[in-house]
Amino acid sequence: MTESFPRLHARTRRFTLGVPRNFTISPDGGRVTFLRTRSGTDPVTCLWELDVASGAERLVVDPLALGAADEDLPPEERARRERSRESAGGVVAYATDREVRRAVFALSGDLYLTDLASGGARRLPAAGPVIDPRLDPTGARVAYVTGGALHVLEIDTGADTVLAEPEGDLVTYGLAEFIAAEEMGRMRGYWWSPSGDRLLVARVDESPVTLWHIADPANPDRQPVPQRYPAAGTANAEVTLHVIGLDGTHTAVPFEQEYLVTAAWDAHGLAIVTLSRDQRTMRLLSADPDTGETTLLREDTDPAWLDIVAGVPARLSDGRLVWVADADGGHRLVVGDEPVTPPSLQVRAVLDVDGDTVLFQASGEPSEVHLWTYTAGTISAVTTEPGVHSGRRAGGVTLVARQSLDTEGTTVTVGSASINSLAERPGLEPRVSLVRAGSRELSTAILLPSWHVPGSGPLPVLMDPYGGPHAQRVLSARRMFLESQWWAEQGFAVIVADGRGTPGRGPAFEREMLHDFTISLQDQVDALQGAAALHPGDLDLSRVAIRGWSFGGYLAALAVLRRPDVFHAAVAGAPVTDWRLYDTCYTERYLGHPDEGHYERSSLLGDAEKGDTEKLERPLLLIHGLADDNVVAAHTLRLSSALLAAGRPHTVLPLSGVTHMTPQEVVAENLLLLQLDFLRKSLNITG
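Reference entry: report on the structure contained in this document. (Residues numbered from 1 in each chain as written. Predicted model: local features only at pLDDT ≥ 70, side-chain atom pairs only at ≥ 80, totals over all residues. Heavy atoms only, no water.)

This part covers empty space enclosed by the protein. Scanning the model with the defined rule gives two cavities of 30 Å³ or more in all. Here the largest cavity is characterised by a volume of approximately 90 Å³. Lining the largest cavity are E177, F178, I179, E206, V209, R228, P230, N236, A237, V239, E258 and Y259. Here the residues of the lining of the largest cavity sort into seven nonpolar, one polar and four charged. (1 Å grid on protein atoms, 1.4 Å probe; cavity = no way out; pocket = protein on both sides within 12 Å on 5 of 7 lines; lining within 4 Å. Points joined across faces, edges and corners; volume = space filled by probe spheres on them. Nonpolar A, V, L, I, M, F, W, Y, C, P; charged D, E, K, R; others polar.)

Right, dumping it as structure tokens:
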């Protein structure tokens, strides 16, 4: 019997298993190292290598062959995977030397080294469960973190040296703090020097951060898990930087601003990027590794906030700076001091700098993401076919990973060679049209059932947004709409809309979210009305539901509380209901400090306490994982208490042991089915 879509969707981790990822191109362009599971339902990630000339793939490391069938992860690694939304197991990360001859990785807390030419892997002795191992550029030694201490292991001799030992239980060396990993995209806390003789190391002191507890009510015999959570308006962890030599020397690298965004250490020197607490000022500093003295290279400011862009700072071979900055209404690539891309091309990330060539991602149309290069004053399009593209470049060779609406899954090409995707076929084909809807011409996807004949009768509507800033749902990629199409096949007209705050349309569009998250609801209403105008007779606006997770969950609950005239039922998964309970970096970027007075307008708790009879009639299902350490369950519980106190009916579905990701197969499968049942009953849908 063929598996149902909900079951397959859960088993395949949303069809991500079997997809090649984490590519590293050798400096000569001849080999590509990458990660991939053996099939679309196998959750164990292996390390592979492609020979570009022949197109032959070779399995380098199979975790099962190393006896790692059941992973036993240290708590720090579990936290790293939650922050990076990693749902697979096995070799989920690796690091190579400069020549890409050797690679290291952690497996069940053990440290492994593999020779990429000969294959196979051997276990190296480590002082404890290993977190984030990284080879030095020469490949002679490997650094890793265990117990909050930074170690360096000499590969040939096995000598293990503790370079930095934490001074207390709340101090770590070499790890990214919660805010860096969750909100700034920085998953690392140390960087090797080009010669491999010293490292730049972040010291994190969490003692100023408020102590919370994540309890497990289903298992009252278990102790609550303590967590340092930097809620909006409260203290962040203290992060300091130090250059630590293999000879034991320590040199402090002071900086003034609240956040350490990233660091880069190459042949042109050591650089760090910092960001002010209000995120309106960003500084690029060079640092002298001998003295720790810093010099300001660049300072960017914005009256709303500054975006963190992946891949910068970087340098061309002649030392010129590669940066991304806002100018003339666009996110622009900057080389030296000059913007080199037009304002109409929104630069999203710098992917690689190969000598004097910069490979970067950018969008002209927000639903499309293309690859471009900058070389010798000229920008050139690498990809032109519709779709969403990513890539890497080294040794004059460019790797292109493409998703599109006209092809299934991800295709990966390197020159004339390709890397196979082993992802499962979903068994349905999204029937999606991408349009500009409503008065604001919002990027909107409309999905109808495959069996529906236009004009044959109105369908109940399901709004299926994320809707929050800096995240996009409407992209020209089939995988973005698989779940939405499944909902359409159940009898809904599904609408996915990206409102103000989402990327791809320029800084002004993104910054309209400043100080007011509720504009996202206005945009969903606008998109709904625009979609109905484009499909007269196909959308039943008397039966409109909305569902979402995280910010989308907040938006779903907001919809039935504030616009019951438009929305008739909602499923809110892991919603943020009180923005004072969410973290500093994300929340303060958009709403400012709580003392500035912008939080009440966007809070759901006040809406729960007021309302009329009509609002009491809009069914609301709240779903929350009790082990969620990102949007903690207190959000849902406080909203539920406020609704109960006001006598307002609602439903709460607590998920014991489930985090923000809901990776468990049975949970993920049944969540879809339970939501479907709830919405059918709420909208009186039969058949």
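This part takes up the pattern of salt bridges. For side chains bearing opposite charge, pairing can occur when the charged atoms are close. Following the criterion strictly, the structure yields 49 salt bridges and no others. With its nearest N and O atoms 3.1 Å apart, the salt bridge here joins R141 to E154. Of this pair, R141 sits in strand β11 (residues 141-146) while E154 sits in strand β12 (residues 149-154), and the two are 13 residues apart along the sequence. (Salt bridge = Lys/Arg side-chain N within 4 Å of Asp/Glu carboxyl O. Helix = DSSP H or I, 4+ residues; strand = E, 2+ residues; numbered from the N terminus.)

Here helix α6 (residues 519-534) crosses helix α7 (residues 551-562) at 75°, and the two axes come no closer than 10 Å. Classed by the angle they form, the pair α6 and α7 counts as roughly perpendicular. Contacts between α6 and α7 pair S520, L521 and Q524 from the former with F551, L555, L558, A559 and R562 from the latter. A class-by-class count of the residues in the contact of α6 with α7 yields five nonpolar, two polar and one charged. (Axes fitted to C-alpha atoms, helices over the stretch in contact; angles between N-to-C directions. Parallel < 35°, antiparallel > 145°, perpendicular 65-115°, else oblique. Contact = heavy atoms within 4.5 Å.)

What follows covers unusual backbone geometry. Of note, the amide linkage connecting V312 to P313 takes the cis form, showing an omega dihedral of 10°. Mapped onto the secondary structure, P313 falls in the loop between β24 (294-301) and β25 (314-315). In this model, R13 sits at a positive phi of 55°, which is unusual for a non-glycine residue. Relative to the assigned elements, R13 resides in the loop between α1 (5-11) and β1 (21-25). A positive phi angle, near 55°, is found at N684, a position not held by glycine. Mapped onto the secondary structure, N684 falls in the segment after α12 (665-682).

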